[in-house]
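# Working through the structure, step by step
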Amino acid sequence: IRKRGAHHRWMGVAVALAMASAPLVGIDLVANAAPAGAASATPVVVADICSCTGPQGAQAQQTTPTLQAWASWENAHGGLNGHPVKVIATDDTTNPTVSVTAVQKAINSEHVAAIFDNSNVDTAWVKIATSANVPIIGAADSNLSYNSLDTFSPGPTLNYGDTGQQIGIARLTNLRKEAIFYCVEAAVCQSETSLDGIIGKRYGVNVVYTSGISFSAPSYDAQCIAAKQAGADVLEIGDASVVAEKAATECAAQGWSPIEVAAAVSSNMNTDPQFEGMLASQQEMPYFVHNAATKVFWSALDKYAPTLHLSPNFGEQSIIGWAEGVLLQDAVKSAAPSSGTAVTPAVVKKGLYHLPAGDNLGGIAPQAIHFTKGVYANRSCWFYISVKNNKFVWGANQKPLCGYLAKPGSNEGSPFLSPKKEYEPGETPSK
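Rules used in this analysis
- Residues numbered from 1 in each chain as written.
- Predicted model: local features only at pLDDT ≥ 70, side-chain atom pairs only at ≥ 80, totals over all residues.
- Heavy atoms only, no water.
- Helix = DSSP H or I, 4+ residues; strand = E, 2+ residues; numbered from the N terminus.
- Areas by Shrake-Rupley, 256 points an atom, 1.4 Å probe, with all protein chains shown as cover.
- Buried < 20%, exposed > 50% of the residue type's maximum accessible area, 1.4 Å probe, protein only.
- Phe/Tyr/Trp six-rings, centres within 6.5 Å; stacked < 30°, edge-to-face > 60°.

## Observations regarding the overall build of the chain
- Of regular secondary structure, the chain possesses 13 helices and 14 strands.
- Put simply, the chain shows about 15900 Å² of open surface, and 54% of that area lies on carbon and sulfur atoms.

## Observations concerning unusual backbone geometry
- With a phi angle near 55 degrees, Asn81 is a residue other than glycine that sits in the positive phi range.
- Relative to the helices and strands, Asn81 is located in the loop between helix H3 (63-76) and strand E3 (85-91).
- Judged by its relative accessible area of 36%, Asn81 falls in the partly exposed class.
- In this structure, His111 is a non-glycine residue whose phi angle is positive, near 55 degrees.
- Turning to its location among the elements, His111 is positioned in the loop between helix H4 (96-108) and strand E4 (114-118).

## A few points about the packing of aromatic side chains
- Counted under the stated rule, the structure contains 14 aromatic pairs.
- On the basis of an interplanar angle of 15 degrees and a centroid distance of 5.6 Å, the ring pair of Tyr203 and Tyr404 is categorised as stacked. Of this pair, Tyr203 sits in the loop between helix H8 (187-202) and strand E8 (206-213) while Tyr404 sits in the segment after strand E14 (401-402); the two residues are 201 residues apart in sequence, bridging distant segments of the chain.
- Judged by centre distance (5.9 Å) and plane angle (65 degrees), the rings of Trp298 and Phe314 are edge-to-face. Here Trp298 is found in helix H11 (residues 295-304), whereas its partner Phe314 is found in the loop between H11 and helix H12 (316-335), with 16 residues between them in sequence. For the residue pair Trp298 and Phe314, the accessibility class agrees, reading buried in each case.
- By way of ring pairs, the aromatic residues Tyr287, Phe288, Phe297, Trp298, Phe314, Trp322 and Phe392 are connected into one cluster.

Laid out in structure tokens, this is it:
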């Protein structure tokens, strides 16, 4: 499954490198038009910029069909506050030039009201969007939430990306010595590992061993033996899920079976004995949950993307995409534009700044979402999943765990707010 997402730790780092499909560059996918009589007001036009192919494509490509299903469902049920929604999806192939061109077209030719950011090269075009005052909803693994007030995340803000894993280890296990194997194909893998060392100490977790690993390496035996000798009892692998599975199997063969902290989750980990009891943080409600909060999510996928859940890459990234759509839906509803009013970026921003109190996207988000103009959002809560008896389960008693607050708008690893303030599940965030 992430990061994203989108969106959190290792978003764009722990990637399914071997599973990317054929490029979609040059193809604009447009959501089904509203059925007759379903919604007749002025349309809400939104761009979905997705790195659906390239080294991270296998995960990101879940977002586009999910958002198309969301749009089709909304249009069949009255639109966004009566306005039909049109999602124009473009695969940027993880190419900054392609991504910039797509955003320029979306703003200048399509006159979009917002951009769904499922791109891994969004830093190439963020200034273009912000200069046009177009809100960015989502954001994959980038620093946008540190330096762009026009970025609106439906989950925890990115300055807590690595925090989710570390507080999970600290609160859901009695283990405190972590080993990290990180991909050598991207420099960000090593930098994320360094952050884990800094953040882990804040929650009592010590990173006792780190090593780069290659996707194409014939064996990870040496790293397994060294991590075991270092006394590590937790293993996080910042690479593709297929690499995580291979490394876990080889470590077990060396007599070392630590608790796995999954940076990327594949659909078959639940049947792998090495992942029994594994831990993974989730920035939205676990995708496999069927309850009141996810009822419409599953209904829309069943009707408009019925084969999506059969993909081996189906998982967290899909519900992250859905959360982006719900956040836009709530914003337009809050702004309440009349049927004849064009839904512009300004209208969407107005709604984002006036979301109803306690809005957690119907329970999908781990805490209430609130945006204030000119102020960086600051949300540090995560849901958790694990594997028990060969089944994925919703962990932490189905409640979010939350980290200490750092200065909003700052890079991850920045000092905590003083005095130390912390969100607790079910409580109002500290002021």
